[in-house]
Amino acid sequence: MKPKRKRFSSIYIFPIIFTVICISYIFRFLFFNIETDIVQYETRENVAAAEGLVVRSEWVTPLPAGVLIDYKAEEGEKVYFGKKILEIIKNSSSDAYLEVKIKQMEERINEVKQSEVSNNFFSQDKEKIEGRIEENVQALKSATKSGAMENLPKIKEELVASLYKKSLIYGSGSFFGKNLDSLVKEKATLESIYKNNIDDIFAQTTGIISYQLDGYEQILNPLHIKSFKLDSMKEIMNAIKSKKPGKEDEPVNGIKIVDNYEWYVCSIMDESQCADLKARKKVKLAIEEHGNAVVNAEVQEVLPPENKQQLVVFKVNEHVRDFHKLRLVKLTVIKDSFEGFAVPTECLIANGEETGVYAVKYGLVKYIPVKVLTKDKESAIIRNLNSEEAQLKGSSSSLKQFDEVILTVDRVKENQVLSDKI
């Protein structure tokens, strides 16, 4: 008698089938699932934050104190060569003032010639003068303590001379940084007013008129750009920042006309930010003080690094409203701007010297050669090849916004049918 076969209980069948189905789906997901991403059109910018000093061409002439002035042009007004800017109403007190002022300026011009301050306005001269003042002070103290009163007049005379030289270089109301030609011109203007040859002042150039002088008109001048140094610009920036908020500077009597179509921004940037900045490179500058207004600019010069910082000079050929009031500005330097399709980096296919993507077109996998504009570890900005490039590559397909690009590029091949994408 044959033994009875044990029936395989149906209770085990369903779990086995379920397990097989799950494994097949997992296997399919891991090895056959095709992942895609939607193409978006974006603009990506390569930017750097920095501070900068505005450098302008400015025609400056002094105005005498103690006279009545009838202004014929408003602050910020555009004036042209030969336009009457103001009238000077002279009187006896103004003549006396002008005579003294001319004499003082003559003395200052002679001092500039002797010390060559105009050619070395960020040199070690001030350190030498400070040292000389300290020596005079110590000698004065020693003479007082020792009772050698006969030496006091000579010591005092040397101390006064040293203090006067200091005031000429960077004291209140000084001509610090001005070149000799500018001083001579200003003296000539005062002499002309004094001799009654000039009662009216006319614009000697075209530009924006301003009656707000900050003392940097001659220092931060395009003529001096070649001699700019990183430490010198830092010194000016720190001097501007150190001014107490709300504290008004002593009024400077003068008038200037600013070239508003060619000006410069001299900026201090980290060395790492300057790696892709070269002379003649086109960039954009967003100026925070004017609501991040953007102007086109060109890199004029990039100085060698010092202590991991570099001095970069940008040239601007655009007018910005009220820019003549700016001296120290906060900038966003837009070094590059890339506009194109944003895709994940993993969808890019390296095909020799060519790069492309797989895109889904009407349910088919299509290979499309593209140009990579910029990329990082996660994403890239790409564009279609132009007609000549595409013809050379033998491609007739192009990428469009909202197309699907394939991320799992090793799981498909060109012209493969994707049934779930039809």
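Here is what the cut-offs are and how they apply
- Each chain has its residues counted from 1, running along the sequence as written.
- Residue-level local features of this predicted model are given only where pLDDT is at least 70; pairs of side-chain atoms are given and counted only at 80 or more, and the full residue set underlies all totals for whole chains, interfaces and linings.
- As a rule here, side-chain values cover all heavy atoms of the structure and leave hydrogens and water aside.
- Each helix corresponds to a stretch of at least 4 residues labelled H or I by DSSP, and each strand to a stretch of at least 2 residues labelled E; elements are numbered beginning at the N terminus.
- Summary of the burial criterion: residues with accessible area below 20% of their type's maximum are buried, those above 50% are exposed, and those between are partly exposed, where the area comes from a 1.4 Å probe applied to protein chains only.
- By the convention used here, residues are in contact when the closest approach between their heavy atoms is within 4.5 Å.
- Exposure was quantified through the Shrake-Rupley algorithm and a 1.4 Å probe, taking into account, for residues, occlusion by the shown protein chains and nothing else.
- When two rings of Phe, Tyr or Trp (its six-membered ring) have centres within 6.5 Å they constitute a pair, described as stacked for plane angles under 30 degrees, edge-to-face for angles over 60, and tilted for the intermediate range.
- Here, the term nonpolar core denotes a set of buried Ala, Val, Leu, Ile, Met, Phe, Trp, Tyr and Cys residues that are joined through side-chain atoms within 4.5 Å.
- As a per-residue quantity, pLDDT reports the predictor's confidence and falls between 0 and 100.
- What qualifies as a polar contact is a pair of N or O atoms within 3.5 Å, subject to a donor-acceptor requirement within protein and to the restriction that residues adjacent in sequence count only when both atoms come from side chains.
- We count a salt bridge whenever a side-chain nitrogen from Lys or Arg sits within 4 Å of a carboxyl oxygen from Asp or Glu.
- Pairs of strands are assigned from DSSP output, requiring at least two bridges between the strands.
- Helices are assigned an expected span. That span is 1.5 Å times one less than the residue count.
- Arc definition: directions from the helix axis to the C-beta atoms.

Asks: Got a sec to walk through the overall build of the protein? Specific residues and values, please.
Replies: From N to C terminus, the protein includes 7 helices and 17 strands. The burial tally for the protein puts 37% of its 422 residues in the buried class. Restricting the contact set of the protein to residue pairs at least 6 apart, pairs at least 24 apart contribute 76%. Accessible surface for the protein amounts to roughly 25,600 Å². Of this, 51% is attributable to carbon and sulfur atoms.

Asks: Tell me about the packing of aromatic side chains, and please be specific about residues and values.
Replies: By the definition in use, this model includes 4 aromatic pairs. A ring pair is formed by Y41 and F341, whose centres lie 5.5 Å apart and whose planes are at 80°; its orientation type is edge-to-face. With Y41 in strand β2 (residues 40-62) and F341 in strand β12 (residues 328-344), this pair connects stretches of sequence that are 300 residues apart. Note on F341: relative accessible area 9%, which makes it buried.

Asks: How would you explain the nonpolar core if you had to name every residue and give the values?
Replies: Of all hydrophobic cores here, the largest spans 24 residues; its most connected members are W263, M269, L277, V283, L285, V312 and F314. Secondary-structure elements contributing two or more residues to this core are β2, β8 (254-270), β9 (282-287), β10 (293-302), β11 (309-316) and β12. Ranked by residues supplied to this core, first place goes to β8 with 4 residues. Residues within four places of V312 in sequence aside, it is in contact with V265, C266, S267, M269, C274, L277, V299, E301 and V302. Counting 18 residues, the second-largest nonpolar core is a separate cluster that includes F228, Y264, I268 and V313.

Asks: Mind laying out the confidence of the model for the protein, listing which residues take part and the relevant values?
Replies: The predicted model of the protein has a mean per-residue pLDDT of 79, with 73% of residues at 70 or higher. The secondary-structure element of the protein with the lowest mean pLDDT is helix α1 (residues 10-31), recorded at 61, while β11 shows the highest, at 95. With pLDDT under 50 throughout, residues 171-177 is counted as low confidence; its partners more than four residues away or in other chains account for 22 contacts.

Asks: So what about the environment of T332? Which residues, and what values?
Replies: Considering the arrangement of structural elements, one finds T332 in strand β12. Accessibility expressed as a relative area gives 28% for T332, which makes it partly exposed. As a C-alpha pair, T332 and A50 span 282 residues in sequence and 6.3 Å in three-dimensional space. Not counting residues within four places of it along the chain, the set of residues in contact with T332 comprises V47, A48, K284, L285 and A286.

Asks: How would you explain the side chain of R327 if you had to name every residue and give the values?
Replies: The topology assignment puts R327 in the loop between β11 and β12. For R327, the side chain forms a polar contact with the side chain of E58, separated by 3.4 Å. Among residues more than four places away in sequence, those in contact with R327 are G52, L53, V54, V55, R56, E58, D214, Y216, E217, L220, I240 and K256.

Asks: Help me get a handle on the pattern of salt bridges, residues and values and all.
Replies: Once their charged atoms are close, side chains differing in charge can pair, the charge on each being opposite to the other. With the rule as written, the count across this model stands at 14 salt bridges. Here K281 ties to D336 by a salt bridge, and the two come within 2.9 Å at their closest N and O atoms. In this pair, K281 is assigned in the loop between β8 and β9 and D336 in strand β12, connecting sequence segments 55 residues apart. Between K282 and E298 there is a salt bridge; the shortest N-O distance is 2.6 Å.

Asks: Describe the pairing of β9, with residues and values.
Replies: By the bridge criterion, 6 bridges tie β9 to β10 in an arrangement that is antiparallel. Residue L285 lies in a different strand from β10, and its bridge partner there is V295. Turn length for the β9-β10 hairpin, with the two strands adjacent in sequence and antiparallel, is 5 residues, and the turn residue G291 shows positive phi of about 60°. Sheet topology places β9 next to β12; 4 bridges connect them, and they run antiparallel. Opposite A286, over in β12, you have T332 as the bridge partner.

Asks: Quick one: what's the story with the environment of E346, residue by residue and with numbers?
Replies: With respect to the helices and strands, the residue E346 is situated in the loop between β12 and β13 (349-351). A C-alpha to C-alpha distance of 8.6 Å links E346 and K377, two positions 31 residues apart in sequence. What E346 contacts, discounting residues up to four positions off in sequence, is L407 and V409.

Asks: An account of the environment of F314 is requested, with residue identities and associated values reported.
Replies: Examined against the element boundaries, F314 turns out to sit in strand β11. Overall, the relative accessible area of 0% leaves F314 in the buried class. Distance from F314 to G52, taken between C-alpha atoms, is 9.5 Å for residues 262 residues apart in sequence.

Asks: Break down unusual backbone geometry for me, citing the residues and quoting the values.
Replies: Residues other than glycine seldom take positive phi values, yet Y362 does so here, at roughly 55°. The topology assignment puts Y362 in the loop between β14 (354-361) and β15 (364-375). A positive phi is found at N415, a non-glycine position, where the angle reads about 70°. Looking at the element boundaries, N415 is found in the segment after β17 (404-406). Relative accessible area serves as the criterion here: at 43%, N415 is assigned to the partly exposed category.

Asks: I'd like to hear about helix α6 (residues 230-241), residue by residue, with values.
Replies: Between its first and last C-alpha, α6 extends 17 Å over 12 residues, near the 16 Å set by a 1.5 Å rise per residue. Among the residues making up α6, those that are buried are L230, S232, M233, I236, M237 and I240. All buried residues of α6 project into a common sector of 165° when viewed along the axis, lining one side. Those residues of α6 that are buried lie in contact with β2, β8, β11 and β12.

Asks: Any details on the side chain of K335? Residues and values, ideally.
Replies: Within the secondary structure, K335 is located in strand β12. You can call K335 buried: its relative accessible area is 6%. Separated by 2.9 Å, the side chain of K335 and the backbone oxygen of Q273 make a polar contact. Here the side chain of K335 touches D276 through a polar contact of 3.2 Å, side chain to side chain. Those residues within four positions of K335 in sequence are excluded, and the remaining contacts are N46, V47, A48, Q273, D276, L277, K281, K282 and V283.

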